[in-house]
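Take a look at the letters that make up each chain.
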Amino acid sequence: MAYSKCFSTIYANQSQTNVTIGLQYQGIPERVFFSTVTTVPCFVFLFINGAMLFTLRSKPVFRETSRYILLYNLLFADTVLLTHTQLLYIFAACRIRLMYPVCGVLTMLTNLTSVISPLTLMMMSLERYVAVCYPLRHATIITIRNTGVAIIVVWAFGSLNVLIRVLLLLDFPFEEHEGLQMTEFCSREKMMLGSLSDDYDKAHTCFLFISAGMAITCSYIGVMVAARSASTDKASARKARNTLLLYSVQLGLSLFSTIYNPLLIAISKVVNKIVLVRIQIVGYVCIVIFPRCLSTLIYGIRDQTIRPILIYHLCCRLKLSVIQSKSEVSS
């Protein structure tokens, strides 16, 4: 009983600050407006991400280059995560309450893909470090096979994280509930049942981002040191340094999204629920949606190899959609 009371307190505190829970305090017009504000940019970015993923599989140079393979893995994980996050948001906006097993599957997939991004950024930073600091050995160290092994390790680590979370859920006394129907809207926080899950989530997040941050920082320092060497290509070192800075920004945004809810807990103490909901939705767009599309914007604009092919695919898809809409109107 003491455990149940503790869980109820934790559950109540988190439910006050989750964006999906806050939607129940909005009227229908406001809910429709904010759902449109979040859904439209989400679908736009999903469209661009899809074109970018297609671009990275359209040419042999992308399929046979390690940094593009890692970029594809990063984009794929971010796209899946963005899709699931928006799906949970739509369920909440429509006031659809799921069963615990269904919510568990959706949130565990979200947990899986959320781990992939920082780990892939770590691999990409190490690849840039080897390219600048060991250019003669880059082709033998960063091979297609080694890249594939690294990606498998990344997904295995993410899967292990999901397995541990599932095992922690097995300790929760579901039999004390009347049924498996959730009383609140499904979200990632709602599946952290009990203090053990919450403690594990904090420890895992700290370990993950400290490891990725150290890898990117050490790679950046190594590139800066190598740039001062007379034998190093200055242009290549400068480009790698700027790329690593962008990796740091991406990692920082991903880290900020993990402390989003604790930040809302602090804000909830000084504002009313309606204002909190509006802050949550704006934060959802800026902190959750936008960082998942940053890779496409960065590489689609910066990379001279990707840019023309990405623009070509985007324009062709837009032309096809316009032609299709015109044919439907004429018929």
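Only a predicted model underlies this, so the values are computations on that prediction, with no experimental measurement involved. (Residues numbered from 1 in each chain as written. Predicted model: local features only at pLDDT ≥ 70, side-chain atom pairs only at ≥ 80, totals over all residues. Heavy atoms only, no water.)

Below, the discussion takes up the packing of aromatic side chains. Taken as a whole, this structure holds 4 aromatic pairs when the rule is applied. Geometrically, the ring pair formed by Phe62 and Tyr68 is edge-to-face, given 5.0 Å between the ring centres and 85° between the ring planes. On the accessibility criterion, Tyr68 (3% relative accessible area) is buried. Centre to centre, the rings of Phe76 and Trp155 are 6.3 Å apart; their planes meet at 50°, and the pair counts as tilted. Residue Phe76 is found in helix 5 (residues 66–93), and its partner Trp155 is found in helix 8 (residues 144–170); the two are separated by 79 residues along the sequence. With a relative accessible area of 36%, Phe76 lands in the partly exposed category. (Phe/Tyr/Trp six-rings, centres within 6.5 Å; stacked < 30°, edge-to-face > 60°. Buried < 20%, exposed > 50% of the residue type's maximum accessible area, 1.4 Å probe, protein only. Helix = DSSP H or I, 4+ residues; strand = E, 2+ residues; numbered from the N terminus.)

With that out of the way, let us pick up the environment of Leu53. Along the chain, the position of Leu53 falls in helix 3 (residues 28–56). When its relative accessible area of 12% is taken as the criterion, Leu53 is described as buried. For Leu53 and Thr296, which are 243 residues apart along the polypeptide, the C-alpha to C-alpha distance reads 9.0 Å. Residues contacting Leu53, with those up to four places away along its chain left out, are Tyr72, Leu75, Phe76 and Thr79. (Contact = heavy atoms within 4.5 Å.)

At a minimum axis separation of 10 Å, helix 8 and helix 9 (residues 195–227) run at an interaxial angle of 165°. Classified by the interaxial angle, the pair formed by helix 8 and helix 9 is roughly antiparallel. Seen along the crossing, helix 8 lies across helix 9 with a hand that is right-handed. Contacts from Phe157, Asn161, Ile164, Arg165 and Leu168 in helix 8 reach Leu196, Ser197, Tyr200, Asp201, His204, Phe207 and Leu208 in helix 9. Of the residues belonging to the contact of helix 8 with helix 9, the class tally is 7 nonpolar, 3 polar and 2 charged. (Axes fitted to C-alpha atoms, helices over the stretch in contact; angles between N-to-C directions. Parallel < 35°, antiparallel > 145°, perpendicular 65-115°, else oblique. Left-handed = near helix turned anticlockwise from the far one by under 90°. Nonpolar A, V, L, I, M, F, W, Y, C, P; charged D, E, K, R; others polar.)

This next bit is on the packing of helix 6 (residues 100–133) against helix 9. The contact between helix 6 and helix 9 brings their axes to 9 Å, and the two run at 15°. Relative to helix 9, the element helix 6 lies roughly parallel. Along this stretch, helix 6 crosses helix 9, giving a crossing that reads as left-handed. When helix 6 is examined against helix 9, the residues Val115, Pro118, Leu119, Leu121, Met122, Ser125, Leu126, Tyr129, Val132 and Cys133 are found in contact with a partner set consisting of His204, Leu208, Phe209, Ser211, Ala212, Ala215, Ile216, Ser219, Gly222, Val223 and Ala226. Class assignment for the residues of the contact of helix 6 with helix 9 results in 16 nonpolar, 5 polar and no charged.

Of all hydrophobic cores here, the largest spans 40 residues; its most connected members are Met52, Leu56, Leu71, Met124, Tyr247, Tyr299 and Ile306. For this core, the secondary structure elements donating two or more residues are helix 3, helix 5, helix 6, helix 8, helix 9, helix 10 (234–258), helix 13 (294–302) and helix 14 (306–330). Once residues lying within four places of it in the same chain are set aside, the contact partners of Leu71 are Met52, Leu56, Met124, Ser295, Tyr299 and Ile306. Within the second largest apolar cluster, 12 residues are counted, among which are Leu82, Tyr89, Val277 and Val288. (Core = buried A, V, L, I, M, F, W, Y, C linked by side-chain atoms within 4.5 Å.)

A few words now on the side chain of His138. Note that His138 resides in helix 7 (residues 138–141). One polar contact links His138 to Glu127, side chain to side chain, over a distance of 2.9 Å. Once residues lying within four places of it in the same chain are set aside, the contact partners of His138 are Glu127, Arg128, Val130 and Ala131. (Polar contact = N/O pair within 3.5 Å; in protein donor to acceptor, adjacent residues only side chain to side chain.)

All told, the structure shown has 2 salt bridges when counted by the stated rule. The salt bridge involving Arg128 is made with Glu127; its shortest N-O contact spans 2.8 Å. Each member of the pair, Arg128 together with Glu127, is buried. Residues Arg165 and Asp201 are paired through a salt bridge, measuring 2.8 Å at the closest nitrogen-oxygen approach. Taken together, the residues Arg165 in helix 8 and Asp201 in helix 9 connect sequence positions 36 residues apart. The exposure classification of Arg165 matches that of Asp201, with both residues buried. (Salt bridge = Lys/Arg side-chain N within 4 Å of Asp/Glu carboxyl O.)

Next up on the list: helix 6. Look at helix 6: 50 Å from first C-alpha to last across 34 residues, which is about the 50 Å you get at 1.5 Å a residue. For helix 6, the buried fraction is high: 25 of the 34 residues fall into the buried class. (Expected span 1.5 Å × (residues − 1).)

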